[in-house]
Structures are given as C-alpha cells and as structure tokens.
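# Chain and residue survey
Here is what each chain is made of, one letter per residue.
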Amino acid sequence: MSIFLIGLPGSGKTTLGAGLAARLGVPFCDMDQWIVSQSGFTVPQLFAQGEKVFRDWESRAVAALSGQDMVVACGGGAVLRQENRAMLRAGGRVVWIDRPVEDILGDVDISGRPLLARGKEQVLALDQARRPLYRQTAHLRFHNRGEPEAAAEALWRLLKAQEA
C-alpha cells in the first residue's frame, strides 16, 4: 500500500518520506522527480509552459504511483484536482505533513520552487487555499516541527501505533 505525504512545498514531505521509507523498508518516490524523469522537463520548465501542464503531469503521477508498496512525497498541489484527491485516498494512506509557514520560509531554499519564490504573501495564500484540501484528503495529520531525523522517527511511530 502506498503512503502518500501531502502538504505545502517545503513542509518536509521529501525529507520525511525518505526517512519513513527507510524505516519501513520500502521504496521512496518524490513525485516531482518522477514527473521530471517521465516528462524530460524540470519543474520550472513545466510551469513555464503553464501551470495546467504541470498539474496534468501531477495527475499522471498520482495515477501511476497509487496502490504501490512505497512512500510517495506528493507535489504540494497534487490535491488541487478532485480526481487526484479521490485517487490518493483510494490508492493508499494519505498523511498531511503540516508545517508552519514561518518555518518553511525560514529554512527552505526556494530555487527550483516556483510557488515559494513568489514570496511570503503567496505562501500564506497557498496555505489558506490548500489547508481545507489537505484536511479533506488526509487520513492522518502530522505536525512537522522537529529536526528531520526526529520527525521521521515520530511519524514512523505514529503510523505503527495506528496499525496496532
């Protein structure tokens, strides 16, 4: 079963996902990297063709990665389309990585992240717009406030506790 990590860009999905996959002994997939490898374009290049082009690739990725035994760090906007939300929920366990915007802006390199590069007001607007979609899609919410290794361990323990 797939474990999908959703949340804002910079929330820690990739870092926590890699740590979680290692603890679970399953493969890890960063959805943006999957899109780059399949499309032949970088994320900024796809956005330059129009956000819809990138979102179409995101939908292809959700469909391709659903139902596999792996941890997937989804793109921050993967929840924007209703069909993606439905595929995510049906294709695995969805965990919302909820990290404060101030933390994201304080320590995330925005190069290569078109939506974060637009500044604090844009990130706050993204958070406000997407928060209800993350809440609606997630089976579980994880507050990411710690150091990466400790947070990955805490997430792993939380998931294990819920299996019991």
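Up top you'll find the structure we're talking about.
The paragraphs below set out a description of the structure included in this document. Computed from a prediction, not measured in an experiment: that's the story for all the values here. (Residues numbered from 1 in each chain as written. Predicted model: local features only at pLDDT ≥ 70, side-chain atom pairs only at ≥ 80, totals over all residues. Heavy atoms only, no water.)

### Topic: the pattern of salt bridges
The following threshold applies: The term salt bridge refers to a pairing of a side-chain nitrogen on Lys or Arg with a carboxyl oxygen on Asp or Glu at a separation within 4 Å. The numbering of helices and of strands both runs from the N terminus, where a helix is a DSSP run of H or I of at least 4 residues and a strand a run of E of at least 2. Each residue gets one of three labels from its accessible area relative to the maximum for its type: buried under 20%, exposed over 50%, partly exposed in between, using a 1.4 Å probe on protein chains only.
With the rule as written, the count across this model stands at 11 salt bridges. Here E153 makes a salt bridge to R23, at a shortest N to O gap of 2.8 Å. You can see E153 sitting in helix α8 (residues 148–163) and its partner R23 sitting in helix α1 (residues 13–24), a full 130 residues away along the chain. What makes E153 partly exposed here is its relative accessible area of 23%. Taking the relative accessible area as the measure of exposure, R23 reaches 26% and is therefore partly exposed. We note a salt bridge from D98 to R131, for which the minimum N-O separation is 3.1 Å.

### A closer look at α1
To be explicit about the condition: Helices are assigned an expected span. That span is 1.5 Å times one less than the residue count. Two residues form a contact once any of their heavy atoms are found within 4.5 Å.
An ideal rise of 1.5 Å per residue puts 16 Å on 12 residues; α1 measures up with 16 Å between its terminal C-alpha atoms. Every buried residue of α1 is accounted for by K13, L16, G17, G19, L20 and A21. Buried residues belonging to α1 abut β1 (2–6), β2 (28–30), β3 (71–73), β4 (92–98), β5 (140–143) and α8. Two residues or fewer after α1 comes G25, characterised by a positive phi angle close to 70°.

### Topic: the packing of aromatic side chains
Stated formally: Side-chain rings of Phe, Tyr and Trp (the six-membered ring for Trp) are treated as a pair once their centres are within 6.5 Å; stacked means planes under 30 degrees apart, edge-to-face means over 60, and tilted covers the remaining angles. Definition used: whenever NZ (Lys) or CZ (Arg) falls within 6 Å of the ring centre and also within 35 degrees of the ring normal, the charge is taken to sit over that ring.
The final tally for this structure, using the stated rule, is 2 aromatic pairs. A centroid spacing of 6.0 Å and a plane angle of 35° characterise the contact between W96 and Y134, whose relative ring orientation is tilted. On the criterion of sequence distance, the pair formed by W96 in strand β4 and Y134 in helix α7 (residues 120–137) is long-range, its members being 38 residues apart. Judged by its relative accessible area of 1%, Y134 is buried. One Lys or Arg, R60, reaches over the ring of W57 and ends 4.4 Å from the middle of that ring.

### Quick notes on the environment of L80
Among the secondary structure elements, L80 is positioned in the loop between β3 and α5 (82–91). Between the alpha carbons of L80 and L133 there is a distance of 7.2 Å; along the sequence they are 53 residues apart. Excluding anything up to four places from it in sequence, L80 contacts E51, R55, R85, R130 and L133.

### A word on the nonpolar core
Definition in use: Here the nonpolar core consists of buried residues drawn from Ala, Val, Leu, Ile, Met, Phe, Trp, Tyr and Cys, with membership extended through side-chain atoms lying within 4.5 Å.
By size, the foremost hydrophobic cluster in this structure holds 30 residues, and its most contacted members are I6, M31, I35, L65, V72, C74 and L88. By size, the runner-up hydrophobic cluster in this structure holds 15 residues, among which are A21, I97, A151 and L155.

### What about the pairing of β4?
Cut-off, in case you're wondering: Two strands qualify as a pair provided that DSSP identifies no fewer than 2 bridges between them.
In terms of burial, β4 is largely enclosed, as 7 of its 7 residues are buried. Pairing geometry for β1 and β4, over 5 bridges, is parallel. By the bridge assignment for β4, F4 is matched with V94. Direction of pairing for β4 relative to β5: parallel, over a ladder of 4 bridges. Residue pairing across strands places V95 opposite L140, the latter belonging to β5.

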